[in-house]
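Read off the chains here:
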Amino acid sequence: MAVQAKRPRVTGPVGGGDDKDKDPDPVAGFLSWCRRVGLDLSPKVAVSRQGTVAGYGMVARESVQPGELLFAVPRAALLSQYTCSISDLLERERGELQSQSGWVPLLLALLHELQAPASPWSPYFALWPELDRLEHPMFWPEEERRRLLQGTGVPEAVEKDLANIRSEYYSVVLPFMEAHPDLFSPRVRSLELYHQLVALVMAYSFQEPLEEEEDEKEPNPPLMVPAADILNHLANHNANLEYSSNCLRMVATQPIPKGHEIFNTYGKMANWQLIHMYGFVEPYPDNTDDTADIQMVTVREAALQGTKGEAERLLLRERWDYLCRLEMVGEEGAFVIGREEVLTEEELTTTLKVLCMPAEEFREVQDQDGWEDEEREDSLMIANIPKLKESWRQLLRDSVLLTLQTYATDLKTEQDLLSNKEAYTKLSWREQQALQVRYGQKMILHQLLELTS
C-alpha cells in the first residue's frame, strides 16, 4: 500500500504558537504531550517513520499478542466540538451551524485551534500531514481527475463534494467566523484552507458508533483521536479501536511480530472509496473489500436496448417506475458488486426479476401489489451467477458491457502496464493509484462477463 503524502509534518499559513517547521523532533513533542494528557502508549509500540508504509505510523517494538492494549486515549484528549476551546459557543449557536455534512462544528473547532497561540493540541498538530500536500482527488486538476478516474465514480463524487464544500463555507462557516473575528483571524478565513480541513476530517477523523438502541438517532459527529489517526489502513488489519465511557482503546486483533507495522481499518472500503476519502489505494489484489459499481440507470439502458417497439418500451418504463416505488432503484443509485458477493443483493435480484419476468406475470404482480417470498431465487453470491435464469444473465451481461464502455481504457491496457515493471515505475504516483482503482473494478466486471456468458 502506498500512502506517500500521508504523514509529513504540517506546514503552511496556520499553526499554533510554535513554528513547527523548526521543531527538530515533533514525535518527542507529541509523546511528551501524550504523557501530560494521560494518553498511555504501551511500551511495546513506537511512533515512527521507520518501518511504515509511508510517513508516520506505529510499529511494534516487541511482539504483540491479540487482545493486548496498544494505547488508550482519554476522552479529554479528543479534539471535538465538545472539547475544543470554543465548545460553549458552538453549543449555543448549534442551530446556526446545521449543514448537510454535519461536520461544521468540528471544522470550526479545528480552524480556531490551529491559529490559537496556546492551543492544547499544538503538539498533536505537529504530526498532521502537510495540508497543502494532501493527495485526495479533490485537489487534482479537473482534467487529470477525469482522465485518470473516468468510469470509476470518483470524479462524480468529487464534484458533489466540491459543490457542497463551497456552499457550506459561504453560507454557514464564513458568516460564523466573520461574526466572531476575535476567535478566527483573517488567515483562517479561506475557502482553500476549509477544503483542506474537510479532506483532513474525511481521512483522519473517527465517528463513534451508535448503540443498538440508538439506531434511530442521527449519527454521532466526527472527532479527532490523537494516536489512533497515526495508524495506517489495511483491509487485513491487526488492530481495532474500541469505545468506552472513559477512553478509546486501540487493541491488537492479530499477533504482531516485532518490527511490524500496526494497522487499523477505516472500514470495508473499495479502492475508489479509499482514494476518494483518504487519497490512497491498496494495490491489486490486496484489497479484499474492493468493489465495482453498475449504475442502476445502466441496467435500465441495457433493458431498453432489448425492447422491440414502443409498446415494449412503455412497459419497461412501467416496470422501472414500479421498482422505484419499491425503493429498489433510483436515478443516482448503483448495484455494488464485490469479489465474492453482490453487496446490493436484494436490489439487484428484484430488479432483474421485475425487468425480465413475462408481461402477464408483471401485470399480476402489479395487481397483487407484490409477490410472496416463498420461492426465493438463488443467492447472488458471485459463484451462483451462472445458475441464474438465462434472461437475467443476459441483462446483467449487457449492463456490464455498457459499464465497461464508460472507462477510457480496456482491461488489456491496464494489464500490460501492471505487468511491465519498468513502465509502471515511470507512471506518476497519481497514475499508479488511479490504475489500481480502474484495474480492480475491471477485474470484477470481467469476472461477471465470464460468469454470465
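Draft legend 1. Molecular detail of the overall build of the chain. Broken down by element type, the chain carries 16 helices and 12 strands. Against the 2.2 N^0.38 benchmark of 22 Å for 453 residues, the chain shows a C-alpha radius of gyration of 25 Å, consistent with a compact globule. Along the first, second and third principal axes, the C-alpha atoms of the chain reach 75 × 50 × 45 Å. A burial count over the chain gives 51% of its 453 residues as buried. When contacts within the chain are restricted to residue pairs at least 6 apart in sequence, those whose partners lie at least 24 apart make up 72%. Put simply, the chain shows about 21,700 Å² of open surface, and 47% of that area lies on carbon and sulfur atoms. The chain carries 45 positive and 74 negative side-chain charges, and their two centres are separated by 6 Å.

Draft legend 2. Highlighting the sheet that holds strand E1 (residues 40–41). Strand order across the open sheet formed by 4 strands is E1-E4-E9-E8, with antiparallel pairing between neighbours. Here the strands that pair on one side only, and so sit at the sheet edges, are E1 and strand E8 (239–243). As paired elements, E8 and strand E9 (residues 247–252) share 5 bridges and run antiparallel to each other. Bridge pairing in E9 places Glu242 opposite Arg249.

Draft legend 3. Broad picture of the environment of Leu417. With respect to the helices, strands and loops of the structure, Leu417 is situated in helix H14 (residues 411–419). Taking C-alpha positions, Leu417 is 38 Å from Met328, a pair spaced 89 residues apart along the chain. Other than its neighbours up to four places away in sequence, Leu417 contacts Ala423, Tyr424, Leu427 and Leu435.

Draft legend 4. Region of interest: helix H5 (residues 142–149). Restricting attention to buried positions, one finds in H5 the residues Glu144, Arg145, Leu148 and Leu149. Down the axis of H5, the buried set is contained in an arc of 100°. They therefore lie on one face. Among the structural elements, helix H6 (154–179) and helix H16 (429–452) are those in contact with the buried residues of H5. Just beyond H5, the residue with positive phi is Gly151, at close to 90°.

Draft legend 5. Local environment of the environment of Asn220. Along the chain, Asn220 turns up in the loop between strand E5 (206–207) and strand E6 (222–223). Since its relative accessible area comes to 23%, Asn220 is described here as partly exposed. In the structure, Asn220 is positioned 121 residues away from Glu341 in sequence and 30 Å away in space, judged by C-alpha atoms. Among the polar contacts made by the side chain of Asn220, one reaches the main-chain carbonyl oxygen of Glu208 at a distance of 2.8 Å.

Draft legend 6. Structural view of the pairing of E9. Of all 6 residues in E9, 5 are buried; the element is thus mostly enclosed. Bridge count for strand E4 (residues 69–74) against E9 is 5 bridges, and the pairing is antiparallel. From the neighbouring strand, Ala72 faces E9, where its bridge partner is Arg249. Linkage of E8 to E9, two consecutive antiparallel strands, is achieved through a turn of 3 residues.

Draft legend 7. Broad picture of the side chain of Thr265. Inspection of the secondary structure assignment puts Thr265 in the loop between strand E10 (263–264) and helix H8 (271–277). Given the relative accessible area of 19%, Thr265 is considered buried. A polar contact is formed between the side chain of Thr265 and the backbone nitrogen of Gly267, at a distance of 3.0 Å. Among all residues touching Thr265, those that are not within four sequence positions of it are His233, Leu234, His237, Ala239 and Asn240.

Draft legend 8. Here's a closer look at the environment of Gly67. Tracing the backbone through its elements, the reader meets Gly67 in the loop between strand E3 (57–60) and E4. Among residues more than four places away in sequence, those in contact with Gly67 are Val251 and Ala252.

Draft legend 9. Here's a closer look at the packing of helix H11 (residues 345–356) against helix H13 (residues 390–404). The geometry of H11 relative to H13 is characterised by a closest axis approach of 10 Å and an angle of 110° between their N-to-C directions. In terms of axis orientation, H11 runs roughly perpendicular to H13. Remark: the crossing between H11 and H13 carries right-handed chirality. Counting all contacts with H11, which are made through Leu348, Thr349, Leu352, Lys353, Leu355 and Cys356, the residues of H13 involved are Ser391, Trp392, Leu395 and Leu396. Residue composition of the contact of H11 with H13, by class: 7 nonpolar, 2 polar and 1 charged.

Draft legend 10. Local environment of a negative patch on the surface. Together, Glu360, Glu361, Glu364 and Asp367 give the surface a local cluster of negative charge. For Glu364, the location among the structural elements is in helix H12 (residues 359–368).

Draft legend 11. Inspection of the pattern of salt bridges at higher detail. Applying the stated criterion across every chain yields a total of 19 salt bridges. Its salt-bridge partner being Arg133, residue Glu130 comes within 3.5 Å of it at the nearest N-O pair. By relative accessible area, which is 43% here, Arg133 ends up partly exposed. As a salt-bridge pair, Arg313 and Glu310 come within 3.3 Å of each other at their nearest N and O atoms. Taken together, the residues Arg313 and Glu310, both in helix H10 (residues 309–325) and 3 residues apart, mark about one turn of the helix. Under the relative-accessibility criterion, Glu310 is labelled partly exposed at 43%.

Draft legend 12. Just the packing of aromatic side chains, in detail. Inspection of every chain in the model, using the stated rule, returns 13 aromatic pairs. Summarising the aromatic geometry, the rings of Tyr284 and Tyr439 are spaced 5.0 Å apart at their centres and angled 85° between planes, so their arrangement reads as edge-to-face. Pair noted here: Tyr284 is in the loop between H8 and strand E11 (291–295) and Tyr439 is in helix H16, with a separation of 155 residues, a long-range link. Under the relative-accessibility criterion, Tyr284 is labelled partly exposed at 32%. Take Tyr439: its relative accessible area is 9%, and that puts it in the buried class. In this arrangement the basic side chain of Arg49 is found over the ring face of Tyr56, its NZ or CZ atom lying 4.2 Å from the centre.

Calculation criteria
- Residues numbered from 1 in each chain as written.
- Predicted model: local features only at pLDDT ≥ 70, side-chain atom pairs only at ≥ 80, totals over all residues.
- Heavy atoms only, no water.
- Helix = DSSP H or I, 4+ residues; strand = E, 2+ residues; numbered from the N terminus.
- Rg over C-alpha atoms; globule rule 2.2 N^0.38 Å.
- Buried < 20%, exposed > 50% of the residue type's maximum accessible area, 1.4 Å probe, protein only.
- Contact = heavy atoms within 4.5 Å.
- Areas by Shrake-Rupley, 256 points an atom, 1.4 Å probe, with all protein chains shown as cover.
- Lys, Arg positive; Asp, Glu negative; His and termini not counted.
- Charge placed at Lys NZ, Arg CZ, Asp CG, Glu CD.
- Pairing = 2+ DSSP bridges.
- Arc of directions from axis to C-beta.
- Polar contact = N/O pair within 3.5 Å; in protein donor to acceptor, adjacent residues only side chain to side chain.
- Axes fitted to C-alpha atoms, helices over the stretch in contact; angles between N-to-C directions.
- Parallel < 35°, antiparallel > 145°, perpendicular 65-115°, else oblique.
- Left-handed = near helix turned anticlockwise from the far one by under 90°.
- Nonpolar A, V, L, I, M, F, W, Y, C, P; charged D, E, K, R; others polar.
- Patch = residues over 30% accessible without salt bridge, like charges linked within 9 Å, V, L, I, M, F, W, Y side chains within 5 Å.
- Salt bridge = Lys/Arg side-chain N within 4 Å of Asp/Glu carboxyl O.
- Phe/Tyr/Trp six-rings, centres within 6.5 Å; stacked < 30°, edge-to-face > 60°.
- Lys NZ or Arg CZ within 6 Å of the ring centre and 35° of its normal.

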